Amino acid sequence: MKYIHNTFLFLATLLCLACSDDFLSLSPKDTLIEDEFFLNISDAEAALTGVYATLQKEEAFSNVRDAADIEWAVSGDMYEMDGSANRIELHSLALPSTNTILRDVYSAAYQGISRANVVIAKVVGMEEGEEETKNQIIAQAKFIRALFYYRLVTYFGGVPLITEPLNANSDLQIPRATAEAVWQQIENDLNEAKDLLPAIWTGNDVGRITSGACKALLNKAYLWQEKFDDVIAISESLFEEEVYTLLPDYRSIFMEENENNAEILFSTQFREGVDAEGNNLVKRTAPRGAPAEFTGGAAWSNFVPQQHWVDAHETDGSGRIIDKRYWAAIIGPGERHQDMSAFVMPDNVPAGWSHSGYIMTKYWQKPTLNNSGVNAPVIRFAEILLNYAEALNERDRTEESIVQVNKIRDRAGLADLPLTLSKTETLDAIFKERRMEFIWEPTGGFSDLNRRGRFLDFIEAERPNFPSLNVHQKPWLQTQPILFPIPRDAWDRNKALEQNPHYTF
Amino acid sequence: MDTSGQPISGVTVAAKDGRSLGLTNKEGIFEVVGVNIGDTLSFSYIGYVPNDMLISNLETLHVVMTTQQGNIDEVVVVGYGTQRRSEMTGSISSVKSSDLEKVAASSFTSAIQGKVPGVTINQTTGAPGGASSVRIRGVGTTGGNQPLYVIDGFPVGGSNIAINGSTDNIDGMSIVNPNDIESIEILKDAAAASIYGARAANGVILITTKRGKEGVTSADLHAYTGFQNLWRQPKFLNAEQFTTLANELYQNSNMATNPEWEKPGSFGQGTNWIDEVFRTAPMYNVDLSLTGGNQKIRNALSLGYRDQQGTLMETWNKRYTGRANVDLTATDRLNFGGSLAFSYIQGKGQRNEDFRLGIFNLAQQFYPTLGREDVVSGSSAFYSTQGDNPYLRAKSMENYLNNLRLYGNAFGEFEIVDGLKFKSSIGLDFISNRGTAWQPKVQRGFYSNPQAVLSERQEQGLNWLIENTLSYNKTFDSHNISLIVGQTAQKNTNDWISITAREFQNETIRVINTSSESERRGTGTGSMYTLASYLGRANYSFDNKYLFSASIRRDGSSNFGPSYKWGNFPSISAGWNISEESFFNADGAINSLKVRASWGQLGNDAIGAFGYSSTFGLGRVADNYILGTDQRLITGAGMIRPGNSDLKWETSEQWNFGVDATFLNRGGYLTAEYYVKDTRDMLVSLPVSLEAGFESAPSVNGGRIRNSGFELLLGYGGGNEFQYDVSVNLSTLKNEVLSLGAGNPISGPVVGFTSMNSSYTEVGLPIGYFRGYVVEGIYQSDEEVDKTFQPNASAGDFKFRDVNGDNVLSDEDRVMLGSPWPKLTYGMNIDLSYKNFDLNLMFQGVSGNDIFHVNKFSTYPIKYFGGSGVINASADVLDRWTPENGGNTVPILKYTDLNGNYANLSSFYIEDGSYLRLRNFTLGYTLPQGLFENTNMLKRLRVYTSIQNLFTFTKYSGFDPEIGDTNPLASGVDNGVYPMPRTYMFGVKVGF
């Protein structure tokens, strides 16, 4: 009896000792907490990879929301097939502040900026690691930060300018900075970065940001601000690197086998497969309802080129298009796919495949089961040349400008323009080339027209449904440049924001 | 016997003059001599209403006794002990097994719906075994708001069980077979619940299972079977109506109509997809229980099997349960005991509440012009390319669950000296959860799945708990003292792995090994939680008149950061048994009267783990990138959420005032209470500015919410040959957000692919209310439209109200349209018995709540807003506005909704969700005792028939007004919730 007593008491006391503070201090099984992170260079590199990862979102730089929903549908050269409410709000120019695409683009940009800020601040403060490696990490993060700010300022105007990491105790009611301040930040970041990065990466680093990419983005930034001399200077600095050229064959720029080629200054990297490191570019461009052996099974043809855009290509005497870019990137009724010779578009293209009868095939190169590994070209050399040409033209160096334009035309198999064109004719020619060159890429459409104040005239002349757009009842389209509304969701959480003119929250 | 046919032993039989004539024996049988026809016998026993019966024949007299609900001598289970109801100062509601038995359900949460004032229970889905959301005294937090469940003293994880790939969740408490439950106590106020400290802020539910009793041996078999079907089917357009309206829609939009639908008259009725997808579903349930015991050992064993099909095709639930409870009296000072129970649940579920591909949603949208096995093959200009045939889809997708739960505890109790006891107990809870989701490779019209995919998930968890308590009870003179101190430690661990495999050569063999090796991907992780506590409580009563109680609990939780590791949760309460006073007239109408009051603080530690530290994710899809000439995957890292080192628990401070009374010879009882519950330091994941770029927002303790209300329970029973017992309960709730800290109002999550938020939370109004525009009517002509106010409107569109009068339609014109929280919940229970028949009616209702009928976004416009094409609609759309017919309720049918008739959250979507249900109707018959006198085996036999949800009165236009959700920021949202069925049952109870 006593024995039972004693063992019982003993066990009970033992159990009482089970408590101590260590018992209550746990670490998560699958994440790191702050004290355990950013200790060495490989942490910094992993964090930089995390910054690159923010580019892959559809609302960031994967040529979906920007290239299709905004650039080319708003300019009217592409037709939106689904009748999705949020896309209609964009291309009908209704542009309500509740639009979910604009909200996602805004939010994705700040996620990228936030990660870049963390990397820049933490790496600057790191003790370990070689200077050169650390500088390269910081420079790449600065480029991505500049790229996202470029996105924000060209769409929305001045936005809150955040360059330090924020935490739970920061004041998050941040007002908008002026567009000038944002541009200045972009220029600072890119100018610092371009000197710290190599001109070429090799081996496992191919796809990273180069000094040329920094110069290219500077070229675009200066052009937007109409700093034409700076455009000329930075372009020539880029040409001196002798790294980038125009590829002789247009279609080869986009082929998956030819990724990161000499024309690509910067593209977002993807890989096919179930890892979710692929993109939806094939699904969104291939014709919905076409045989799965060519599309891979899921195809939605969300946007298709419009008839009037196709008709704008240069033709020969018999009406056949001579612009090689058409034959390299588009298929129409009765035409054979550029890579899959067994696939021929029917003469009567079903309305489900394409409203206009045309399909854009830059990204759809083979049947794709899950996600496509085609890299999304963000900036390529052709754009730099055309920007350079525009700046030369503005500085009254029109002949030199036309020479650059002709390089693009040569590649497209078109006749050279005479060197005697006037300044306005040259500008028109530059914009004409952009329109044919960059379909479904994040440039050459709405944004370029908008920055030069050409958008309203363009859509009046070109968009067939222009009368139904009721442009005159939309005062927000009368500003120069046209700005998108600050998203309602952003204002819900940050009351320090002010809305762009003529929009309400 | 009692009202459910169980015999009662020890009932005193007395003559009219009070002379005792004997007692009933174990079988409830009595014998008296020396009485005549016309005499009256009186029967009395503690806990039952005294019964006087007239002798009508000298052979047999059948006597039924009804329980006294407000029995002040009844023993109530409280946290870490028991108390007599007359001594209680806290607010505790009890439900006994006899009440639980009346509603046949797989989980007791449905059985107590509408029975307990202050407790609001809503089914979140009508799927078999479907989960309930249980809220005690309102909603005090935006986070976890379900109560703490304690089974036989052991806190058990009660979270709902999800079926991999489906939205049909199974109720977490269905692991306990209701047939095994002796009683349920709901601890509502701080005095009762604060002994559970940091987990008690949402209330505590104590479940006590049946244990063996000394000298009672019984074996019972209870079996019932039945079938369920939809009690209401709102109408949808038939094929002719659909094609007519679809054509009208395209014509209104100046678009070509579908040549296939040129002749609406030729289509006739077409297919009724609700009929195709719903069916009458059978169910069976068998429970066997055995108890026995003597002075040394007592035990109770039980087994149960339940098989319930769902009214929606290809959904079902099977459950096997078993339990063994043992109590051992080793010596007069040493006791041991233990229990072990298992539950094995298998289920098949479907995906619902999804506008694009939910089965129930598709059944409301799919084309009546198509037959049961047809697929969509027309132009995407007319047909939605995102949907699927619901019948074929439900048949082809398989989502299974196998959930094994094994839990038990063991204790030893030693009486050191008289009144001083030491008790040590250990509990274990083991869970193994296996989910399988399969989808074949398929091309059904526009829907295609290019690779067959199998997803297998295995989850395992083990929780252990150790408790040591020292208690002291002493009564001397008129003083009664009861003290308890204790220490507990608990650890929960949980791990899971999941594999997704694609591309199967042979789809009949569905295991990971037969998939394509390069297409397999795995994920997995785990979590842990620990809690350490100290507790103490003191009860003191003087002369059973003046009652005092105080308790404190100190909890340290692994969820708390280093700055605030331990929290203290005290409470005090007092009561006065007025009826014990000498000045109180005990022979009057009121037999007992007590007033009581309590105050205390409870905590909520469900604040997520590691919120105090910034966390970085490694190697997730959102962190990885591709680089290199061979395009390699590079693992990356990114911050998930910045930390808040000041993070601490939420505190709920409660006041409670109550009155308990019994009256009219203990036949009637009353409990009335008033409470105020303030939650402060409420965790808010503040809607952080988008510009901060956080992947997840940090949590801060910023908010304060107040819940307050009245509760009333009133009942009366009595009768002789004809027995009756009626009880009514009602409770009111007022919920108000007092503060959100420095934060802005919080918008609830967006519903599906709409751009509407499910709720809005701001200071001064209830949490999670519905906010939007007010629809004044429909513009009848283009001239009526105010183009400055609504530039995109034209004839047939909704006219919104300009609330602030500035002639601009903006956020300022959005107002409170309703709230999901009922202002009044009530129930009524009527038990009648006459001779061998018994009848039970149970009503349950809510009032003052609204439902966000967001399903209309999908079932009214005819145009499919997730993409192109049109879909079927509710028959209510026949009232749409046309230039000829006008109309003021449904807008003009159009392809593009430029005015935002459907895109905007407005009063169009908010409906009154009040309802009154006849939840249960049961008619039973107990075979006369006499039939069994000569048998050795059979002692009792009762048969009954029962209908659940016989009537529902409601103004709601959807399938069912019971829309529950465990997320308080998305409650009362009907986006195609699997509707509740009406159930018809027939059952038998046999006693051996």
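Note that this is a predicted model, so its numbers are computed, not measured.

Trainee: How should the overall build of chain A be read in this particular structure?
Mentor: A count of helices and strands for chain A gives 20 helices and seven strands. Each of the three principal axes of chain A carries a C-alpha extent, and together these read 115 × 50 × 50 Å. Relative to its 505 residues, chain A shows a buried fraction of 62%. Carbon and sulfur atoms provide 50% of the accessible area of chain A, an area that totals close to 18400 Å². Once the 47 positive and 74 negative side-chain charges of chain A are each reduced to a mean point, those two points are 4 Å apart.

Trainee: Help me out: how do you make sense of the overall build of chain B in this one?
Mentor: The helix and strand tally for chain B stands at eight helices and 50 strands. Overall size of chain B, expressed as C-alpha extent along the three principal axes, is 95 × 70 × 65 Å. The buried share of chain B, reckoned over its 992 residues, is 60%. A sequence separation of at least 24 residues applies to 69% of the contacts in chain B between residues at least 6 apart.

Trainee: How should I be thinking about the sheet that holds strand S29 (residues 615–618) of chain B in this particular structure?
Mentor: Pairing between the strands of a sheet comes from backbone hydrogen bonds, and it takes one of two forms, parallel or antiparallel. If you walk across this open sheet you meet the three strands as S1(A)-S29(B)-S32(B), and the pairing is antiparallel. What marks the edges here is a single partner per strand, and that holds for strand S1 (31–33) of chain A together with strand S32 (637–641) of chain B. Shown here is a sheet whose adjacent strand axes are inclined to one another by a mean of 35°, direction ignored. Note: S29 of chain B against S32 of chain B, four bridges, orientation antiparallel. Within the sheet, the bridge partner assigned to Leu618 of chain B lies in S32 of chain B and is Ala637 of chain B.

Trainee: Please clarify how the sheet that holds strand S1 (residues 12–15) of chain B should be interpreted in this entry.
Mentor: Residue and element names in this part refer to chain B. Read across the open sheet, the four strands follow the order S2-S1-S3-S4; overall the sheet is antiparallel. Only two strands of the sheet have a single partner each, and these edge strands are strand S2 (20–23) and strand S4 (51–54). Neighbour-to-neighbour, the strand axes of this sheet turn through a mean angle of 25°, independent of strand direction.

Trainee: I tried to follow the packing of helix H9 (residues 211–224) of chain A against helix H10 (residues 228–241) of chain A on my own but got confused; where do I start?
Mentor: The relative placement of two packed helices is expressed as an angle between their axes plus a distance between the axes. Residue and element names in this part refer to chain A. Closest axis-to-axis distance for the H9/H10 pair is 8 Å, and the angle between their directions is 160°. One way to sum up the angle between H9 and H10 is to call them roughly antiparallel. In this structure, the crossing between H9 and H10 has a hand that is left-handed. The residues of H10 that touch H9, namely those facing Ser211, Gly212, Lys215, Leu218, Asn219, Tyr222 and Leu223, are Phe228, Asp230, Val231, Ile234, Ser235, Ser237, Leu238 and Glu241. When the residues that make up the contact of H9 with H10 are grouped by side-chain class, the tally is seven nonpolar, five polar and three charged.

Trainee: Would you mind showing me how to read the interface of chain A and chain B here?
Mentor: The extent of an interface is frequently quoted as the accessible surface area lost upon association of the parts. With 85 residues of chain A at the interface, the matching set in chain B holds 94 residues. Here chain A packs against chain B, burying approximately 7500 Å² in sum over the two surfaces, 62% of which is carbon and sulfur. If you look at where chain A meets chain B, you find three salt bridges. Residue Glu695 of chain B pairs with Arg115 of chain A through a salt bridge whose shortest N-O separation is 3.1 Å.

Trainee: Please explain unusual backbone geometry as it appears in this structure.
Mentor: Backbone phi values are negative for most residues with the exception of glycine, while trans is the configuration of most peptide bonds. A cis geometry characterises the amide bond from Gln480 of chain A onward to Pro481 of chain A, with omega recorded as -5°. Tracing the sequence through the fold places Pro481 of chain A in the loop between helix H19 (455–462) and helix H20 (488–493). Its identity is not glycine, yet Ser301 of chain A carries a phi of approximately 30°, on the positive side. One non-glycine residue, Asn949 of chain B, lies in the positive phi region at around 60°. As for its placement among the helices and strands, Asn949 of chain B is situated in strand S49 (residues 940–954).

Trainee: Explain the packing of aromatic side chains to me, please; I cannot follow it from the model alone.
Mentor: Two numbers describe a pair of aromatic rings. These are the distance of the centres and the angle of the planes. Evaluation of the coordinates by the stated rule reveals 71 aromatic pairs over all chains. With a centroid separation of 6.0 Å and 20° between ring planes, the pair formed by Phe343 of chain A and Trp353 of chain A is classed as stacked. Within this pair, whereas Phe343 of chain A is found in the loop between strand S5 (330–331) and strand S6 (359–360), its partner Trp353 of chain A is found in the loop between S5 and S6, the two being separated by ten residues in sequence. Accessibility expressed as a relative area gives 11% for Trp353 of chain A, which makes it buried. Both rings, one in Tyr860 of chain B and one in Phe908 of chain B, keep their centres 5.4 Å apart while their planes meet at 80°; by these two values the pair is edge-to-face. Of this pair, Tyr860 of chain B sits in the loop between helix H8 (856–859) and strand S47 (910–912) while Phe908 of chain B sits in the loop between H8 and S47, and the two are 48 residues apart along the sequence. With respect to burial, Tyr860 of chain B and Phe908 of chain B carry one shared label: buried. Positioned above the aromatic ring of Trp491 of chain A is the side chain of Lys495 of chain A, whose terminal nitrogen or guanidinium carbon lies 3.9 Å from the ring centre. Geometry around Tyr895 of chain B places Lys863 of chain B over its ring, the cationic atom sitting 4.7 Å from the centre.

Trainee: Could you clarify how one ought to interpret the nonpolar core in this entry?
Mentor: Generally speaking, a soluble globular protein has its nonpolar side chains buried in company with each other. Counting residues in hydrophobic clusters, the biggest one holds 154 residues, and the most contacted among them are Tyr106, Phe143 and Ile186 of chain A. Tallying contributions element by element places helix H7 (residues 131–156) of chain A first for this core, with 15 residues. What Phe143 of chain A contacts, discounting residues up to four positions off in sequence, is Leu190, Ile209, Ala213, Cys214, Leu217 and Phe266 of chain A. Formed by 65 residues, the second largest nonpolar core is a distinct cluster that contains Leu230, Met756, Ala795 and Phe908 of chain B.

Trainee: What exactly am I supposed to notice about the packing of H7 of chain A against H9 of chain A here?
Mentor: Residues and elements named next belong to chain A. Interaxial distance between H7 and H9 falls to 11 Å at its minimum, and their mutual angle equals 20°. With respect to their mutual orientation, H7 and H9 come out roughly parallel. The interaxial crossing formed by H7 with H9 has left-handed handedness. Residues Phe143, Ala146, Leu147, Tyr150 and Thr154 of H7 touch H9, and the partners they reach there are Ala213, Cys214, Leu217, Lys220, Ala221 and Trp224. Its residues placed into classes, the contact of H7 with H9 shows nine nonpolar, one polar and one charged.

Trainee: Help me out: how do you make sense of the pattern of salt bridges in this one?
Mentor: Under the criterion given, the structure shown has 93 salt bridges over all chains. Between Asp429 of chain B and Arg405 of chain B there is a salt bridge, with the nearest N and O atoms lying 2.7 Å from each other. On the criterion of sequence distance, the pair formed by Asp429 of chain B in strand S20 (residues 420–439) and Arg405 of chain B in strand S19 (residues 398–417) is long-range, its members being 24 residues apart. By the burial criterion, Asp429 of chain B is buried, and Arg405 of chain B matches it. Notably, a salt bridge pairs Asp811 of chain B with Arg771 of chain B, separated by 3.3 Å at the nearest N-O pair. With Asp811 of chain B in the loop between strand S42 (798–800) and strand S43 (815–818) and Arg771 of chain B in strand S40 (residues 770–772), this pair connects stretches of sequence that are 40 residues apart. Relative accessible area serves as the criterion here: at 10%, Asp811 of chain B is assigned to the buried category. Through salt bridges with shared partners, a single network forms among Glu263, Glu314, Asp323, Arg325, Lys362, Arg380, Arg409, Arg411, Lys432, Glu433, Glu437 and Glu441 of chain A.

Trainee: Looking at this model, I keep getting lost on the side chain of Arg393 of chain B. Mind explaining?
Mentor: All names here are of chain B. In this fold, Arg393 is placed in helix H7 (residues 390–396). Using a relative accessible area of 5% as the deciding quantity, one classes Arg393 as buried. Once residues lying within four places of it in the same chain are set aside, the contact partners of Arg393 are Leu357, Ile359, Leu362, Asp388, Arg444 and Tyr447.

Trainee: It is not clear to me how the side chain of Asn494 of chain A should be interpreted in this structure. Could you clarify?
Mentor: As for its position among the elements, Asn494 of chain A is in the segment after H20. A polar contact is formed between the side chain of Asn494 of chain A and the backbone nitrogen of Ala496 of chain A, at a distance of 3.1 Å. A polar atom in the side chain of Asn494 of chain A sits 3.2 Å from the side chain of Glu691 of chain B. Excluding residues within four positions of it along the chain, Asn494 of chain A makes contact with Leu172, Gln173 and Ile174 of chain A together with Ser689, Glu691 and Asn744 of chain B.

Trainee: What exactly am I supposed to notice about the environment of Leu401 of chain B here?
Mentor: All names here are of chain B. With respect to the helices and strands, the residue Leu401 is situated in strand S19. C-alpha of Leu401 to C-alpha of Ala437: the two residues are 36 residues apart in sequence and 8.8 Å apart in space. Sequence-distant contacts of Leu401, defined by excluding residues within four places in its chain, comprise Ile161, Ala162, Ile163, Ile170, Ile345, Gln346, Gly347, Asn433 and Arg434.

Trainee: What is the right way to read H7 of chain A from this model?
Mentor: Along an α-helix, residues three or four apart share an orientation, since each turn contains 3.6 residues. Residue and element names in this part refer to chain A. Along its 26 residues, H7 runs 37 Å from first to last C-alpha, staying within 8% of the 38 Å computed at 1.5 Å per residue. Taking burial as the measure, the 26 residues of H7 include 22 buried ones, the bulk of the element. Backbone geometry just after H7 places Gly157 at a positive phi near 90°.

Trainee: Looking at this structure, how should I read the environment of Lys188 of chain B?
Mentor: Residue and element names in this part refer to chain B. Its location among the elements puts Lys188 in the loop between strand S12 (181–187) and helix H3 (190–193). Owing to a relative accessible area of 2%, Lys188 belongs among the buried residues under this scheme. Separated by 472 residues in sequence, Lys188 and Asp660 have C-alpha atoms that sit 15 Å apart. Aside from chain neighbours lying at most four places away, what touches Lys188 is Ser91, Ser93, Pro117, Ile136, Arg137, Gln654, Glu673 and Glu711.

What counts and what doesn't
Residues numbered from 1 in each chain as written. Chains lettered and ligands numbered in written order. Predicted model: local features only at pLDDT ≥ 70, side-chain atom pairs only at ≥ 80, totals over all residues. Heavy atoms only, no water. Helix = DSSP H or I, 4+ residues; strand = E, 2+ residues; numbered from the N terminus. Buried < 20%, exposed > 50% of the residue type's maximum accessible area, 1.4 Å probe, protein only. Areas by Shrake-Rupley, 256 points an atom, 1.4 Å probe, with all protein chains shown as cover. Lys, Arg positive; Asp, Glu negative; His and termini not counted. Charge placed at Lys NZ, Arg CZ, Asp CG, Glu CD. Contact = heavy atoms within 4.5 Å. Pairing = 2+ DSSP bridges. Axes fitted to C-alpha atoms, helices over the stretch in contact; angles between N-to-C directions. Parallel < 35°, antiparallel > 145°, perpendicular 65-115°, else oblique. Left-handed = near helix turned anticlockwise from the far one by under 90°. Nonpolar A, V, L, I, M, F, W, Y, C, P; charged D, E, K, R; others polar. Buried area = accessible area lost by both parts, 1.4 Å probe. Salt bridge = Lys/Arg side-chain N within 4 Å of Asp/Glu carboxyl O. Phe/Tyr/Trp six-rings, centres within 6.5 Å; stacked < 30°, edge-to-face > 60°. Lys NZ or Arg CZ within 6 Å of the ring centre and 35° of its normal. Core = buried A, V, L, I, M, F, W, Y, C linked by side-chain atoms within 4.5 Å. Polar contact = N/O pair within 3.5 Å; in protein donor to acceptor, adjacent residues only side chain to side chain. Expected span 1.5 Å × (residues − 1).

In short, geometric facts, not functional conclusions.
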